[in-house]
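Chain by chain, the residues:
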Amino acid sequence: MGKVVLGVTVGVAVAACAVAALVVGRRVRSRKKWKRVVGVLKELEESCETTVGRLRQVVDAMAVEMHAGLASEGGSKLKMLLTFVDNLPSGSEKGIFYALDLGGTNFRVLRVELGGQRSNVDPDVEQQPIPEQLMTGRSEDLFDFIASTLHRFVEKGNDSVQYSITKELGFTFSFPVKQTSVSSGVLIKWTKAFAIKDMVGKEVAGALQQALARKGLNMRVAVLVNDTVGTLALGHYHDADTVAAVIIGTGTNACYWERTDAIIKCQGLLTTSGGMVVNMEWGNFWSSHLPRTSYDIDLDAESPNPNDQGFEKMISGMYLGDIVRRVILRMSEESDIFGPVSSRLYVPFALRTPAMAAMHEDDSPELTEVARILQDVLDIPDVPLKARKLVVKICDVVTRRAARLAAAGIVGILKKIGRDGSGGIAGGRSRSDIKMRRTAVAVEGSLYTQYTMFREYLHEALHEILGEDIVRHVVINVTEDGSGTGAALLAASHSSSGSVQLISFYTVGASNNDDGDEQMTETSTTDRPGVARTEEEEQEHQRMAHVTYLLNAIVDNEQMKFFIFPKLPTQCDNSQSSMAANIEVTMAETHADLKILLKKRPRRLSKLVGGLQRLKLTVINLNVTTADEMALYSISVKIEEGCRMNTADEIAESVEQVLLGIQQEAGFS
Ligand code: ADP
Ligand code: MG
């Protein structure tokens, strides 16, 4: 009996030990899995890191690319398109104006009545979806549909369709257009869901104008703009300090007010105001400083436009939800914290940004909204609280990066135009010299207006990058429906058109000028027929091709002769020496402007550019002016990391050494 009892006791003890071992084993395994998931999150956080230092690098890169895009056609991933909008609404506009807005989520028709004195703009708006078959059919059908909608809209209002006075119409057309005047432009390509073949390469406003005539509408297409320009116009109508507009909705883009003399690629551009709005197409911005993750790389590769719109793919509403989906998928594959992998997680864009935002902003203690969305949208039921918290964290990391990069982009614009408190990239003035002017930026788009966390992170980053003293002077104004209303306002401010004069429309980079005696011989040592270039070689090749572009822009401009006797802040005047070059260097943070005046010599410029590169000075803009025997090189350079020179004097000296070297090598006297 006693034996039996003992046996039972031992048996129970053994069983208990086995159960305990099982439980411990499971715990260890689940801890390992949890660790893996936390590892995925940690890796995401690290690769999305946007320290202020990194954001400042993005700011610099944006300003540099803006310069390059203005210097020559194709000089940068930023297209920096001319809009020919040379004045912005001032608030004094009067009368009734119409606008059409095509290219956003909806097609809209608008009418505004302006009373002067910055009167309230309270547009009548009618919204219409574009029937799907019209998006891929014939252009005539699309424009007839637009004209009919406008016709009905006008009839409903108090205006007569048969009015004797021509009404002015603003047309917001948010597709890439090569503008030829403020009221005309050629469609480069369709984007979004549109694909009307016969329209590509055709004049857009003309097609609309003809459709208006077919409907008997006495209207003139006064301006053809994109949505950012409309937003800038409305922003400026309400606040005269507005210098830029940014859209952060399904996509993202920005435009700003630029001095015409800074638009180097368009020599001889004259406007009565001295300025023009430039459409940056900033969604395509790219820089190696952007914090890129494996999820971004996959998203890009699987997109219909790989290698395109890199900045947009990290920032805009179209993509944020999908980045989050990809991270959840990876976690789900690496562990079972989300149960078996849901097939919904493999569906591109299954998680839309508004749903992602709702999870991010769920402030209930049990995160019930997160649970609901995971269940309803991604088909993942019964997610434990710990994992729900993880999902919120993923949303936070992705949105924070997006908002902070958008902020860096905005500061990049401010830097380019000298409104960031540093005096611009070529100003050479120190922070303390600058009296910062009040500066307003108009912002539009649901990602910014509807997503509180995004907005707050953007503002926070502006503070961090600009600092308390400067950010006080920078105002972000939300405009409502600027893309449409702004076009009506621009129709008003451009109704007496013809203010933009083109003395000549010489576009740098578009043509070769072989007359100059400075010729670029491409010194590519990496070209091996039949052998593909490495990535590094390809970059170098692209860079050299870009430099060739710039070098081809040899301008022989009489007006620029005054530069020949410049007032030089930092000169290396060696007119006594045999070389007789006059070198002026102005430095501002990571940029320097060089002006080098010397006798014309063949083939020196390419060697000089190579020499600058070796000094770790990257040429971002170059102009050559020749007069008589002399040549003036105006060169903007970026001072790369690892450059040994710290002052303008040191740069001037090194450049002189390079020139001397070239001279000795060539045996010039
Ligand atoms: P569009 O860019 O088409 O002109 P919007 O400016 O309204 O239109 O932006 C729409 C985009 O904004 C949507 O694609 C979506 O990604 C994002 N969005 C809309 N509502 C929200 C929201 N509540 N939270 C976060 N993102 C939103
Ligand atoms: Mg929009």
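As shown above, the structure is provided for reference.
A brief structural summary. In this text, all values refer to a predicted model and were calculated from it rather than measured experimentally. (Residues numbered from 1 in each chain as written. Chains lettered and ligands numbered in written order. Predicted model: local features only at pLDDT ≥ 70, side-chain atom pairs only at ≥ 80, totals over all residues. Heavy atoms only, no water.)

For the protein, the count of helices and strands is 19 helices and 21 strands. Buried positions account for 53% of the 669 residues belonging to the protein. Relative to all contacts within the protein whose residues are 6 or more apart in sequence, the contacts with residues 24 or more apart total 71%. For the protein, the accessible surface area stands at approximately 30200 Å², while carbon and sulfur atoms represent 51% of it. (Helix = DSSP H or I, 4+ residues; strand = E, 2+ residues; numbered from the N terminus. Buried < 20%, exposed > 50% of the residue type's maximum accessible area, 1.4 Å probe, protein only. Contact = heavy atoms within 4.5 Å. Areas by Shrake-Rupley, 256 points an atom, 1.4 Å probe, with all protein chains shown as cover.)

Taken N-terminus to C-terminus, the directions of helix H2 (residues 52-71) and helix H12 (residues 385-416) make an angle of 50 degrees; their axes are 8 Å apart at the nearest point. Taken together, H2 and H12 sit at an angle that is classed as oblique. As H2 packs across H12, the resulting crossing turns out to be right-handed. From H2, Val52, Leu55, Val58, Val59, Asp60, Met62, Ala63, Met66, His67 and Leu70 reach across to H12, where they touch Arg404, Leu405, Ala408, Gly409, Val411, Gly412, Ile413, Lys415 and Lys416. For the contact of H2 with H12, the per-class residue count stands at twelve nonpolar, three polar and four charged. (Axes fitted to C-alpha atoms, helices over the stretch in contact; angles between N-to-C directions. Parallel < 35°, antiparallel > 145°, perpendicular 65-115°, else oblique. Left-handed = near helix turned anticlockwise from the far one by under 90°. Nonpolar A, V, L, I, M, F, W, Y, C, P; charged D, E, K, R; others polar.)

Taken together, 13 residues lie near ligand 1, and Thr105, Thr250, Gly317, Gly445 and Ser446 sit nearest. Between ligand 1 and Gly317, the relevant distance is 3.1 Å, taken from an oxygen atom to a main-chain nitrogen or oxygen of the residue. Interatomic distance of 2.4 Å between a side-chain N/O atom of Ser446 and an oxygen atom of ligand 1. When ligand 1 sits alone it has 570 Å² of accessible area, and the protein chains cover 70% of it. Sorting the residues of the shell around ligand 1 by element identifies helix H10 (353-360) and helix H13 (446-450) as the ones contributing at least two each. Among the residues forming the shell around ligand 1, the class breakdown is four nonpolar, nine polar and no charged. (Near = heavy atom within 4 Å. Polar contact = N/O pair within 3.5 Å; in protein donor to acceptor, adjacent residues only side chain to side chain.)

Take unusual backbone geometry next. With a phi angle near 50 degrees, Gln117 is a residue other than glycine that sits in the positive phi range. By secondary structure assignment, the location of Gln117 is in the loop between strand S3 (107-115) and strand S4 (124-128). Its identity is not glycine, yet Asp481 carries a phi of approximately 60 degrees, on the positive side. Checked against the element boundaries, Asp481 lands in the loop between strand S14 (474-478) and helix H16 (482-493). Residue classification places Asp481 among the buried residues on the basis of a relative accessible area of 17%.

Counted by the stated rule, this structure contains 31 salt bridges. Of the charged contacts in the structure, one is a salt bridge between Arg259 and Asp261, with a shortest N-O distance of 2.9 Å. A relative accessible area of 49% means that Arg259 is categorised as partly exposed. The salt bridge involving Asp376 is made with Arg372; its shortest N-O contact spans 3.2 Å. Here Arg372 and Asp376 lie together in helix H11 (residues 368-376), a separation of four residues that amounts to about one turn. (Salt bridge = Lys/Arg side-chain N within 4 Å of Asp/Glu carboxyl O.)

This part covers the sheet that holds strand S5 (residues 167-173). Two modes of strand pairing occur in sheets, parallel and antiparallel, and in both the strands are linked by backbone hydrogen bonds. Read across the sheet, five strands follow the order S4-S3-S2-S5-S8 without closing on themselves; strand pairing throughout is mixed. The sheet is open, and its two borders are formed by S4 and strand S8 (219-225), each paired with just one other strand. Adjacent strand axes in the sheet meet at a mean angle of 20 degrees when their direction is disregarded. Here S3 pairs with S4 via five bridges, running antiparallel. Within the sheet, the bridge partner assigned to Val109 lies in S4 and is Glu126. (Pairing = 2+ DSSP bridges.)

What follows covers the packing of H12 against helix H14 (residues 452-466). Two numbers describe a pair of packed helices, the interaxial angle and the distance between the axes. It is at 8 Å that the axes of H12 and H14 come closest, and there the two elements cross at 45 degrees. The angle between the axes of H12 and H14 places the two elements in the oblique class. Helix-helix and strand crossings are classified by hand; for H12 and H14 the assignment is right-handed. Touching Asp396, Thr399, Arg400, Ala402, Ala403, Arg404, Ala406, Ala407, Ala408, Ile410, Val411 and Leu414 of H12 are Met453, Phe454, Tyr457, Leu458, Glu460, Ala461, Leu462, Glu464, Ile465 and Leu466, all from H14. Considered class by class, the residues forming the contact of H12 with H14 number 16 nonpolar, one polar and five charged.

Looking now at the nonpolar core. Grouped together as the largest cluster of nonpolar side chains are 122 residues, with contacts concentrated most on Met280, Trp282, Ile328, Phe454 and Leu458. Excluding residues within four positions of it along the chain, Met280 makes contact with Met62, Met66, Leu78, Lys79, Met80, Asn253, Ala254, Cys255, Tyr256 and Ile413. Within the second largest apolar cluster, 36 residues are counted, among which are Ile146, Leu150, Phe153 and Leu169. (Core = buried A, V, L, I, M, F, W, Y, C linked by side-chain atoms within 4.5 Å.)

What follows is about the side chain of Thr485. Its place among the elements puts Thr485 in helix H16. If near-sequence neighbours (up to four positions away) are discounted, Thr485 is found in contact with Leu110, Val112, Val121, Pro123, Leu234 and Glu480.

Taken residue by residue, helix H7 (residues 294-302) has Tyr295, Asp296, Leu299 and Asp300 as its buried positions. Buried positions in H7, seen along its axis, are confined to an arc of 130 degrees and lie on one side of it. Facing away from the buried side of H7, by more than 90 degrees, are the exposed residues Ala301 and Glu302. (Arc of directions from axis to C-beta.)

Once that is clear, we can look at the packing of aromatic side chains. One pass over the structure, following the stated rule, counts twelve aromatic pairs. One aromatic cluster is present, built from ring pairs that chain together Phe171, Phe173, Phe175, Trp190 and Phe194. The ring of Trp34 has Lys386 sitting right over it, with the charged end atom 4.1 Å from the ring centre. (Phe/Tyr/Trp six-rings, centres within 6.5 Å; stacked < 30°, edge-to-face > 60°. Lys NZ or Arg CZ within 6 Å of the ring centre and 35° of its normal.)

Judged by how many residues are buried, strand S19 (residues 591-599) sits mostly within the fold: eight of nine residues are covered. Connecting the antiparallel pair strand S18 (residues 582-588) and S19 is a turn made up of two residues, with Glu589 showing a positive phi of about 50 degrees. Summarising the sheet, S19 and strand S21 (residues 630-639) pair through nine bridges and their orientation is antiparallel. Within S21, the position partnered with Lys595 by the bridge is Ser634.

Take the side chain of Asp101 next. Relative to the helices and strands, Asp101 is located in strand S2 (residues 94-102). Looking at Asp101, its side chain comes within polar contact range of the side chain of Arg108, at 2.6 Å.

Looking now at the pairing of strand S13 (residues 439-444). Judged by how many residues are buried, S13 sits mostly within the fold: six of six residues are covered. Two strands pair when backbone bridges link them, and strand S9 (residues 242-248) and S13 are joined in this way by five bridges, in the parallel orientation. Bridge assignment links Ile247 to a residue of S13, and that residue is Glu444. Relative to S14, S13 runs parallel, the two sharing five bridges.

Nothing here speaks to function; it is geometry throughout.
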